[in-house]
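# Close look at the chain arrangement
For reference, the chains in residue letters:
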Amino acid sequence: MSCNKETCGCDGGGGSTPNPPQTDSPVTAYIQSAKKKEHSGPEKKKNLFSRAVSWFIKTVIADMRITRVRIVSQTFFFCLFLFFVIITDLRYLKGYPVSLFLELDPLVGFATSLTTGTIYKSLILGLVLLIPTLVLGRFFCNWICPYGTLHQFTRFLFGSRDEQWNIDANRFRHLQQLKYVLLVAMLVAALFGSLQIGLLDPICLFHRSMSTAILPGINLLLPDSFYIKQYFHVGAWLVGFILFFFVGMNVIIPRFFCRAVCPLGAFLGFLSRFSLWRIERDPNTCIDCDACLKNCQGASDPHTQLRKSECFVCFECIDDCPVDAISFSFMPNKAHEVSGPPLPGRRAAMGALFGMAGYAVARGSGDSDSNFNKKVIRPPGSVHEDGFLERCIKCDQCIRVCPTNVLQPTLMEAGLEGFWTPILNMKIGYCELNCTLCGQVCPTGAIQRISIEEKNGRGEFAEQGPVRIGTAFYDHGRCLPWTMETPCVVCEEVCPTSPKAIYSREVTIKKRDGNMITLRRPYVDPSLCIGCGICEHECPVKDHAAIRVTAIGETRSDERRLLMDGGDTSTLLDLVKRKR
């Protein structure tokens, strides 16, 4: 029987041997003490952080494959590109190198050097980038290019998951010759002075798409997200359509733009034939499973003789090979590669003919010369029209940064050669007197960097006068005081020059009903007008303003100026003759 006493020490079962008291061992006590510390405040945070770092090192870093490093690089440069596009704005600019990607573009630097015979200082970075290309191959396409990253990500999201379909889709196609033909045509046109690489260069194309279609479109759906007021751009639907077409084609042909259209890819592909490192397949180890084609980005045939000019150096084939037969090797056996680009001589000749014919047809129309369009009003600081077409890459950086939305991409106003180059549209905005941002972000010098004092002809530039981009003219048939017997002095009030380029004279006339009325009829003094266009923009006759600015009188051109002061040209600014 049990004694029923807690202090007795018996087992309560009536046994004669009492059990020893229960005490924790030193090891158990230590573990319990550690658990208590783990659940305490700062110590808990420290351990969680330590465990997170430990997990990152053991799981991510220790298992870091080269393809993951590449994805980190792609993500970084893509985010950096978006950051620069977003801050290309009067509110955020603050000296950031927002045109860095355009300046890094080797094709921009090479093509502008062909058209101008010089290398613009900001484009030297792009030529330096050619050196690692000669060593590693087309690494730019799959490690840096944000447009390529967009295509790869789109393909990842919406592409087929069928393994055999992907293997067949990633084999080399003769369609990939097209980009070399386009490159030859554009470079031949550049030799004659017509710069057209911006039409399809991926960095220019992506910048243009973001500036004229994507950001305004997002702002339309989410007001005040990127602009204080809604921006509009002429022909934005075409820019947006081209972007979505190329991106959508990834579902049908992986990396369609990069493989078949991209002139920058063709340019780097041509140089890659000299690269020292490349993908190498060991035929003695290879089991011919074609697994290396599952995720091949360039369709470069790593399963047989590698096409060096098509390889994006994505390293997917190395990851996918089940027997480690593929490696990235230094100067491997040349018998295992196809060195040159897939461009037969006849295709190259065809591209050259296209380039010459395109230049002759476009320049022969005279749209940039004697038959120039009065609406082609270039931004302040622009060089002479011929020089402008030799430098402008149609990237639309100036259009993105313009604070008044006056800069618009042309359609056919400047002819075929000037397609998508920037002009001022006074119906949408006007040129702000104290703004030279367009010249600050121009990567090629088509719009020169000028100061506010230089633009307005103040200080040390007072003698040469302000930079004129055009001249305003009245249409008396539409002007309220001139034709409709209605008082109006809006144009005179908003004219920003000092003294005002628009002045008025009082007249007293008898109205149709017989009553007398005194009106102030406006006039333009062409010697003071700088063509800013605020008069046209603010004119109450909105459909076709009663005062309109044309390109005549611009100081960058001798042929388009108005001779004032009895033909004395010494007071006119000539940007072309100035050494910058």
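Residues numbered from 1 in each chain as written. Predicted model: local features only at pLDDT ≥ 70, side-chain atom pairs only at ≥ 80, totals over all residues. Heavy atoms only, no water.

## What to know about the overall build of the protein
Along the backbone of the protein there are 24 helices and 10 strands. Burial analysis of the protein (580 residues in total) assigns 49% to the buried set. Within the protein, counting contacts between residues at least 6 apart in sequence, those at least 24 apart form 71% of the total. (Helix = DSSP H or I, 4+ residues; strand = E, 2+ residues; numbered from the N terminus. Buried < 20%, exposed > 50% of the residue type's maximum accessible area, 1.4 Å probe, protein only. Contact = heavy atoms within 4.5 Å.)

## Topic: the confidence of the model for the protein
Of all residues in the protein, 87% attain a pLDDT of 70 or more, and the chain-wide mean is 87. Mean pLDDT values over the elements of the protein span from 62, in helix α1 (residues 26-38), up to 97, in helix α24 (residues 534-538). Between residues 1-18, whose pLDDT stays under 50, and residues either more than four places distant or in other chains, the model counts 8 contacts. (pLDDT = per-residue confidence, 0-100.)

## Regarding empty space enclosed by the protein
Summed over all chains, the structure comprises 13 cavities of 30 Å³ or more. In this structure, the largest cavity encloses a volume near 110 Å³. Considering only residue class, the lining of the largest cavity consists of 13 nonpolar, 1 polar and 2 charged. (1 Å grid on protein atoms, 1.4 Å probe; cavity = no way out; pocket = protein on both sides within 12 Å on 5 of 7 lines; lining within 4 Å. Points joined across faces, edges and corners; volume = space filled by probe spheres on them. Nonpolar A, V, L, I, M, F, W, Y, C, P; charged D, E, K, R; others polar.)

## Things to note about the packing of helix α12 (residues 202-221) against helix α13 (residues 236-248)
Two elements in contact, α12 and α13, have axes whose closest approach is 9 Å; the angle formed by their N-to-C orientations is 130°. Relative to α13, the element α12 is oriented oblique. In the packing of α12 onto α13, the handedness of the crossing is left-handed. Facing Leu205, Arg208, Ser209, Thr212, Ala213 and Ile214 of α12, the residues of α13 in contact are Ala236, Val239, Gly240, Leu243, Phe244 and Phe246. Split by residue class, the contact of α12 with α13 holds 8 nonpolar, 3 polar and 1 charged. (Axes fitted to C-alpha atoms, helices over the stretch in contact; angles between N-to-C directions. Parallel < 35°, antiparallel > 145°, perpendicular 65-115°, else oblique. Left-handed = near helix turned anticlockwise from the far one by under 90°.)

## Notes on the pattern of salt bridges
Applying the stated rule across the entire model yields 18 salt bridges. A single salt-bridge network, built from bridges that share partners, covers Arg278, Glu280, Lys308, Lys334 and Glu337. (Salt bridge = Lys/Arg side-chain N within 4 Å of Asp/Glu carboxyl O.)

## Some words on the packing of helix α3 (residues 66-87) against α12
Between α3 and α12, whose axes approach to 11 Å, the crossing angle comes to 55°. The orientation of α3 with respect to α12, classified from their angle, is oblique. In the crossing of α3 with α12, the sense of the turn from one axis to the other is right-handed. Side by side, α3 and α12 meet where Phe78, Phe81, Leu82 and Val85 of the first sit next to Phe206, His207, Met210 and Leu215 of the second.

## Some remarks on the side chain of Arg400
Secondary-structure assignment places Arg400 in helix α19 (residues 397-401). Notably, Arg400 is buried but unbridged: the nearest opposite-charge side chain belongs to Asp89, and the N-O separation is 4.3 Å. Contact partners of Arg400, with chain neighbours within four places excluded, come to Val85, Ile86, Thr88, Asp89, Ser211, Leu215 and Tyr227. (Lys, Arg positive; Asp, Glu negative; His and termini not counted.)

## Concerning the nonpolar core
By size, the foremost hydrophobic cluster in this structure holds 76 residues, and its most contacted members are Phe140, Tyr147, Ile197, Phe246 and Ile393. Considering every element that reaches this core, the biggest residue donor is α12, with 7 residues. In contact with Tyr147, not counting residues within four places along its chain, are Pro202, Leu205, Phe206, Leu243, Phe246 and Phe257. (Core = buried A, V, L, I, M, F, W, Y, C linked by side-chain atoms within 4.5 Å.)

## As for the environment of Phe140
The residue Phe140 is located in helix α8 (residues 139-143) in this model. Using a relative accessible area of 1% as the deciding quantity, one classes Phe140 as buried. For the pair formed by Phe140 and Phe312, sequence separation is 172 residues and the distance between their alpha carbons is 7.8 Å. Residues contacting Phe140, with those up to four places away along its chain left out, are Leu129, Cys145, Ile203, Leu264 and Leu268.

## Comments concerning the packing of aromatic side chains
What the rule picks out here adds up to 26 aromatic pairs. Relative to Phe315, the ring of Trp143 has its centre 6.1 Å away and its plane inclined at 85°; by these criteria the two rings are edge-to-face. Taken together, the positions of Trp143 in helix α8 and Phe315 in the loop between β2 (306-307) and α16 (316-320) put the pair 172 residues apart, joining distant regions of the chain. Here Trp143 falls in the buried class, since its relative accessible area comes to 14%. Here the basic side chain of Arg161 rests over the ring of Phe156, its NZ or CZ set 5.9 Å away from the ring centre. For the cation-ring pair, Arg505 lies above Tyr523, with the distance from its terminal atom to the ring centre recorded as 4.7 Å. (Phe/Tyr/Trp six-rings, centres within 6.5 Å; stacked < 30°, edge-to-face > 60°. Lys NZ or Arg CZ within 6 Å of the ring centre and 35° of its normal.)

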